[in-house]
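One letter stands for each residue in the lines below.
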Amino acid sequence: MLVLIWATLLFPARRDNAAIPGCLMTFMISISLGRSALTTCEKNICITLPRTEITAEAGLCVEIPCSMNYRGIQNIEWNKCDSSFQCNSKIFNIFSMFVPESRVFLLDLNLRSCSIIINNLTESDSGLYKLRVYTTSEPKSPNGIQFNPGVNITVTALTQTPSLSIPSLTEDVETTLTCIAPGLCSGSSPNFTWTWRGRGKKDSYITGNLTTFRTQNVTAFTQRHSSTLTFTPLVTKHDDTEITCKVTFANNINTEMTETLTVWSVPKILKSSGCRVQSKVLTCVCISQGNPAPFIDWPLLENLTEFSVINTHTGYSVNSTIVISAKDHNSTVRCVSKSEDGKAHIDMDIVKYQKAQEGTQEKR
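Residues numbered from 1 in each chain as written. Predicted model: local features only at pLDDT ≥ 70, side-chain atom pairs only at ≥ 80, totals over all residues. Heavy atoms only, no water.

A few points about the sheet that holds strand β10 (residues 104-106)
Then, in step 1: Strand order across the open sheet formed by 3 strands is β6-β11-β10, with antiparallel pairing between neighbours. Pairing within the sheet leaves two strands with one partner each, and these edge strands are β6 (62-64) and β10. Going across the sheet, the axis of each strand differs from the next one's by a mean of 20 degrees, ignoring polarity.
Then, in step 2: Of the strand pairs in this sheet, β10 and strand β11 (residues 116-118) are connected by 3 bridges, and their pairing is antiparallel. By the bridge assignment for β11, valine 104 is matched with isoleucine 118. (Pairing = 2+ DSSP bridges. Helix = DSSP H or I, 4+ residues; strand = E, 2+ residues; numbered from the N terminus. Axes fitted to C-alpha atoms, helices over the stretch in contact; angles between N-to-C directions.)

Things to note about the pairing of strand β20 (residues 210-219)
Then, in step 1: As defined by bridge partners, β20 adjoins strand β21 (residues 222-231) across 9 bridges and the pair is classed as antiparallel. The residue bridging glutamine 216 from the neighbouring strand is arginine 224, located in β21.
Then, in step 2: Taking the residues between adjacent antiparallel strands as the criterion, β20 and β21 are bridged by 2 residues.

A few points about the confidence of the model for the protein chain
Then, in step 1: For the protein chain, the mean per-residue pLDDT works out to 81, and 80% of the residues sit at or above 70.
Then, in step 2: Across residues 1-34, confidence stays below pLDDT 50; counting only partners more than four residues off in sequence or on other chains, it has 49 contacts.
Then, in step 3: Counted against residues more than four places away or in other chains, residues 356-364, with its pLDDT under 50, gives 12 contacts. (pLDDT = per-residue confidence, 0-100. Contact = heavy atoms within 4.5 Å.)

Some details on the state of the cysteines
Then, in step 1: According to the stated counting rule, one finds 7 disulfides in the structure shown.
Then, in step 2: Disulfide pairing is shown between cysteine 81 and cysteine 87; the S-S distance is 1.9 Å. When the S-S torsion is 95 degrees, as for the bridge of cysteine 81 with cysteine 87, the disulfide is right-handed.
Then, in step 3: Look at cysteine 87 and you get buried, because its relative accessible area is 5%.
Then, in step 4: Cysteine 275 shares a disulfide with cysteine 284; S-S distance 2.1 Å. Across the S-S bond of cysteine 275 and cysteine 284 the torsion is about 115 degrees, and the bridge reads as right-handed.
Then, in step 5: Taking the relative accessible area as the measure of exposure, cysteine 284 reaches 0% and is therefore buried. (Disulfide = S-S within 2.5 Å. Buried < 20%, exposed > 50% of the residue type's maximum accessible area, 1.4 Å probe, protein only.)

So, in structure tokens, the structure goes:
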């Protein structure tokens, strides 16, 4: 882009080799600017603003980049224009930024900066904004110097979602989930709500767990808000269920993220497993749980040719039953439960049952 600026300077002129002092010469200065910026000058003050429309989302914030070449500024003021292009709705001046409830701040206290950030946006903040400056050299301009054409801002509905970080979950091992709110703003701190939905159940608030909130100052006027949830996962309670982090900004503007939990568990063999001999038949039952569901192996069967094995799977449990001749058993029988996450084993004592009418049993 080429910006043309007219300038008047005082040069000495010559006629017949004689200088004539005080001769005024007017010429034009051309300044090449980037395509994304526009420089406007009024009464020896030049400001640079974005050329294109700025878009932002409700609940978050927007920055209006602005710079100027003049140091003798008493005050700067940003105004929003109405539908008739009257720009008298003041949203910011240097003194208002120190009011506690203010949502508009000057991004840099440098005297040549006029950049601002507007927090807690709503869709009604869409519109045209113009800058007005008050200088020490213009006492006859009580209304300041307004710069055109200004900056157009469009605020749309919030579409950004929280970032939900979930580490690998292992049963009975305490873990922490982290939810980070979208945007880096310095407005009102958002509220975080954690909800959990079990399989086939309605949403419920998570209780009995540790929830913390954190605000990290990234710069002087930008912050990162996050929440953490600490709990001990259980396969039967938390696996294949949904966890939701909901973030609520000012003006009841909400966004949320939902993820499905996977809880891993190494195999474990339940105490209800065991072996018994009855009528010269040895029956052993091994019950194991894990996620993923484990595979059960019987080392005793490696050297046998006559036996039966029945395996049943129910959810995270595997029930394996073997039947062999009582003469083919040792004093104990080993059951091995394996999965890609680990393995477990148990050496089961054999219980010998006598005739039912005797009402007695003994271990062998």
